[in-house]
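Remarks on the overall topology
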Amino acid sequence: MAHWSRRMPSSLLTEVSNARRIAGIGPALKEKLARLGLRTDDDLVLHFPLRYEDETYITPLAEAQPGVAAQFEVEVISTEIAFRPRRQLISRVRDVAESSSELMLRFLNFYPSQQKMLAQGARLRVYGEVRRGFFGDEIVHPRCTPVRDGIPLPASLTPVYPTTAGLGQGILRRHIEAALARTELIDTLPRALVVQQELLEFSIAVDLLHHPPPALSVDAIQRVTRLAWQRVRFDELVAQQISMRRAYAARRTCGAPLISSDGRLTNALLKQLPFTLTAAQQRVWREIAADLAQPHPMQRLLQGDVGSGKTIVAALAMLQTVEAGYQSALMAPTEILAEQHYRKLAAWMEPLGQRIAWLSGSQKKRERTTLTAALANREIMMAVGTHALLEDDVSFSRFGLAIVDEQHRFGVHQRLALKRKGEAPHQLTMSATPIPRTLAMTFYADLDVSVIDALPPGRTPVTTRLAAETRRAEVIARVRDNCLAGRQAYWVCPLIEESETLQLKTAEETYAQLLADLPGLRIGLVHGRLKPAEKAAVMASFVRNEVQVLVATTVIEVGVDVPNASVMVIENAERFGLAQLHQLRGRVGRGAAESACVLLYGGALSETARQRLKIIYENSDGFEIARQDLALRGPGEFIGARQSGVPLLRYANLDDTELVERARDAAELLLRDHPELAERHLQRWLGGREDLLKA
Ligand code: ADP
Ligand code: MG
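Residues numbered from 1 in each chain as written. Chains lettered and ligands numbered in written order. Predicted model: local features only at pLDDT ≥ 70, side-chain atom pairs only at ≥ 80, totals over all residues. Heavy atoms only, no water.

Turning our attention to the packing of aromatic side chains. Evaluated as defined, the whole model comprises six aromatic pairs. Measuring from ring centre to ring centre gives 5.8 Å for F48 and W229, while their planes differ by 80°; the resulting arrangement is edge-to-face. Taken together, the residues F48 in the loop between α3 (41-45) and β1 (51-53) and W229 in helix α8 (residues 218-252) connect sequence positions 181 residues apart. When sorted by exposure, F48 lands in the same class as W229, which is buried. One aromatic cluster in this structure is built from F48, W229 and Y651. Across from the ring centre of Y326, 4.2 Å away, lies the NZ or CZ of R398, which sits over that ring. (Phe/Tyr/Trp six-rings, centres within 6.5 Å; stacked < 30°, edge-to-face > 60°. Helix = DSSP H or I, 4+ residues; strand = E, 2+ residues; numbered from the N terminus. Buried < 20%, exposed > 50% of the residue type's maximum accessible area, 1.4 Å probe, protein only. Lys NZ or Arg CZ within 6 Å of the ring centre and 35° of its normal.)

Encoded structure:
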């Protein structure tokens, strides 16, 4: 692994990328190319056509078919600027070979140069789709090239490149050709690998995509270029894997606090717990403890399904940090969750003589000042809070560990901001939203991942029921029975994304209605507009079973832990996403009682809503749900959580698990046995974008 960290000196990198900057272009063109992400010759070489057009053949105008793109050879009869009602350029043209067929060319935006090219008597080849317009057959914005004698028709299809406003295909193609001529298309994958993986050679693949062989039809080219695209996608994935691995390796070269311990506090905590850690918890705890004792910063993601017991693992990590004389912070996305963590951690830590600072946005200034002072001078070693932890007045004197709970709820910048409270602290992020496999292998390849893959014993699985809105009365009866038996229930109100006000109104109405329907039961209401202190008060009475039915908006989605709650009703469940439904359902089934989640749905369901409900009904494993969710929605949303810092894929598709796996192995091979090829490969695909490698 050591040579993964072997990096080119940055001066050399700059030199290389400068040398490959596109030659002979002015600032205006340079800017346009940059808009397409094209800065180097390699970028141009890797700028592949979206599709191909057939200019090898001239279609007689009389045979033009509406809606089918074709090329015609015409002579201009007249050209004028008309106002219909917008200013536009209109040309009447006729077929060169058969002058009785006429056509209009219409340009809504045009340059004087185009007007000149369309002068009366000019001969042109025009390419485009003929439409039956109000004034006769026309092509809007045809591509036109003057016909000069002696220039034959092209022998092969014409590539059409992705472009940007004001950058014509002709100019773009010329610069791509020039870059191809200047660039040596060496294969950055070792020959043996290319053969073994049954890939096309790089130069052949590139050539095929830019220069389709002659006499191919538009249909045939798709079959022929399939292998070329495969090679391109493979190479792109390999580059991405190399960059992630190098980011990982680079982190391992920077120093971090050594947090090894004698186990004094952690063992005391384990002894005092009312339960023993599951085998899965012990395993991930060992992984984390070992990371903390390393001289470089941990960057670990702790995944575990809802209710799998991640908090205790975080607490152990914080205590080990204390033992080594360093401070730590745990950040959670909502006040409710942060407060609950605080209460739980305080109950665990205080018997051990350890204080915890709780920081939230709603705190009194005096209290906050006292706490921040205590953190600054190391009187207090641990902090828990919301993003209030990120404020400037919060500083630590020896910050060793940053923990982020429900990491997908935070932006990249917030996660970085917590890390910046120290020099190079260890980082632990926790998530109940499992990352599907292909994403873990690509966009998360620079993280170490620990998985708690089993729930603590003694949980009874949650039964999921689907019920149409019309069966509301039955559902209410069930909630009543449950509460009369001494247990508690959540009633989650519909998610109304368009309007927070409407959502609040619905919650208040539901609350009033349930008060009427469930006489004698103690009902509480919690929603996002409550002041944090009010929210906390309602939650606290729910925890003490003073409130039996908690009517809530989605504020309870994450992390809330009340083991006595055994029924969860979700209204208009069809409006929720799968991850959300799974999170919500995970709020019950935390105690020994038989638990149920009732998904009430209203009205006609869309096809995806029906699919989502089916998936949540049939599955209880969060990983499986995430996998099916990815299949349903595509990877965009999952990647959204990470956004910056990750070079995006232009050509490769994450549905192709097998290709991702092969690329990962290839990247490993390159880094291990062919570091100079790995370097060139990365240059080719990410040249000039080294900044993206800093994760
Ligand atoms: P999550 O992984 O969703 O954050 P929590 O850390 O909130 O889950 O744990 C859920 C509940 O399970 C808590 O009440 C916690 O104290 C309890 N718990 C954690 N580990 C165990 C265990 N090994 N045995 C029994 N209960 C446990
Ligand atoms: Mg949690």
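A word on the confidence of the model for the protein chain. Scored by pLDDT, the protein chain comes out at a mean of 87, with 93% of its residues at no less than 70. Scored below 50 in pLDDT, residues 641-645 makes 14 contacts in the model with residues more than four places away or belonging to other chains. (pLDDT = per-residue confidence, 0-100. Contact = heavy atoms within 4.5 Å.)

What follows covers helix α9 (residues 264-272). For α9, the full list of buried residues reads L265, T266 and L269. Within α9, the buried residues cover an arc of 100° as seen down the axis, which keeps them to one side. Residues of α9 that are exposed and point over 90 degrees away from its buried face: R264 and K271. Considering only its buried residues, α9 is in contact with α10 (279-292), α11 (310-323) and α12 (335-349). (Arc of directions from axis to C-beta.)

Now for empty space enclosed by the protein. The tally for this structure, following the rule as stated, stands at five cavities of 30 Å³ or more. T433, P434, A579, G622 and A626 are, among the 12 residues lining the largest cavity, the residues nearest its centre. Counting only elements with at least two residues in the lining of the largest cavity, the list comes to α19 (578-585) and α21 (622-633). Classifying every residue of the lining of the largest cavity by side-chain character gives seven nonpolar, four polar and one charged. Structurally, the lining of the largest cavity is a two-domain feature, drawing no fewer than three residues from each of domain 2 (264-452) and domain 3 (462-619). (1 Å grid on protein atoms, 1.4 Å probe; cavity = no way out; pocket = protein on both sides within 12 Å on 5 of 7 lines; lining within 4 Å. Points joined across faces, edges and corners; volume = space filled by probe spheres on them. Nonpolar A, V, L, I, M, F, W, Y, C, P; charged D, E, K, R; others polar. Domains from an automatic or database assignment.)

Ligand 1 sits among 17 residues. The nearest are G307, K310, T311, R459 and D561. T276 places a polar main-chain atom, nitrogen or oxygen, 2.9 Å from a nitrogen atom of ligand 1. Contacts to ligand 1 include S308, whose backbone N or O atom sits 3.4 Å from an oxygen atom. The class makeup of the residues in the shell around ligand 1 is four nonpolar, seven polar and six charged. (Near = heavy atom within 4 Å. Polar contact = N/O pair within 3.5 Å; in protein donor to acceptor, adjacent residues only side chain to side chain.)

Applying the stated rule across the entire model yields 32 salt bridges. For the salt bridge of E474 with R471, the shortest nitrogen-to-oxygen distance reads 3.3 Å. According to the relative accessible area criterion, R471 is partly exposed, its value standing at 40%. Because the salt bridges share partners, they merge into one network encompassing R51, E53, E55 and R143. (Salt bridge = Lys/Arg side-chain N within 4 Å of Asp/Glu carboxyl O.)

What follows deals with the packing of helix α23 (residues 657-673) against helix α24 (residues 675-686). Between α23 and α24, the shortest axis-to-axis distance is 5 Å and the interhelical angle comes to 125°. Classified by the interaxial angle, the pair formed by α23 and α24 is oblique. In contact with L670, L671, R672 and D673 of α23, α24 contributes P675, L677, A678 and H681. (Axes fitted to C-alpha atoms, helices over the stretch in contact; angles between N-to-C directions. Parallel < 35°, antiparallel > 145°, perpendicular 65-115°, else oblique.)

This part is about the sheet that holds strand β10 (residues 299-304). In space, the seven strands of this open sheet follow the order β12-β13-β11-β14-β15-β10-β16, with parallel pairing throughout. The two strands at the open ends of the sheet, each matched to only one other strand, are β12 (356-359) and β16 (448-452). Each strand of the sheet is rotated relative to its neighbour by a mean of 20°, with strand direction disregarded. Note that β12 and strand β13 (residues 382-385) share four bridges and pair parallel. In the sheet register, I356 faces β13, and the bridge partner there is M382. Docked against the sheet, α11 engages β10, β11 (327-331), β13, β14 (399-404), β15 (426-431) and β16, running at close to 170° with respect to β14. Helix α13 (residues 365-376) contacts β11, β12 and β13 of the sheet and is inclined by roughly 135° relative to β12. (Pairing = 2+ DSSP bridges.)

This next bit is on α23. With 17 residues, α23 extends 24 Å between its outermost C-alpha atoms, agreeing within 8% with the 24 Å of an ideal straight helix rising 1.5 Å per residue. Restricting attention to buried positions, one finds in α23 the residues L659, V660, R662, A663, A666, A667, L670 and L671. The arc that holds every buried residue of α23, seen down its axis, measures 170°, which confines them to one face. On its buried face, α23 is in contact with α6 (191-196), α8, α15 (437-442) and α24. (Expected span 1.5 Å × (residues − 1).)

Time to look at the domain arrangement of the protein chain. As assigned here, the protein chain comprises domain 1 (57-153), domain 2 (264-452) and domain 3 (462-619). Between domain 2 and domain 3, the C-alpha centre-to-centre distance is 29 Å. Taken together, the contacts link 17 residues of domain 2 with 17 residues of domain 3. When the buried area of domain 2 at its contact with domain 3 is split by residue, V306, I336 and Q340 rank highest and sum to 40% of it. Remark: the boundary between domain 2 and domain 3 carries zero salt bridges. Applying the counting criterion to the domain 2 and domain 3 interface returns one residue pair in polar contact (both at pLDDT 80 or more). (Buried area = accessible area lost by both parts, 1.4 Å probe.)

Here we come to the nonpolar core. Soluble, globular proteins show a tendency: their nonpolar side chains are buried together. Counting 41 residues, the largest nonpolar core has L269, I288 and L345 as the members making the most contacts within it. In terms of residue count, α11 provides more of this core than any other element does, nine residues in total. The contact partners of L345, leaving out residues within four places of it in the chain, are A315, M318, L330, I356 and V384. (Core = buried A, V, L, I, M, F, W, Y, C linked by side-chain atoms within 4.5 Å.)

The next thing to look at is the side chain of S431. Position of S431 among the secondary structure elements: in strand β15. Beyond its immediate sequence surroundings of up to four residues, S431 is in contact with L301, L302, Q303, G304, K310, Q407 and H408.

Note on placement: D43 falls in helix α3. The spacing of D43 and A565 is 522 residues in sequence and 57 Å in space, taken between C-alpha atoms.

Bringing the environment of D262 into the picture now. Among the secondary structure elements, D262 is positioned in the loop between α8 and α9. Put simply, D262 and Q320 are 58 residues apart on the chain and 8.4 Å apart in space, counted from C-alpha to C-alpha. At a separation of 3.0 Å, a polar atom in the side chain of D262 contacts the main-chain amide nitrogen of R264.

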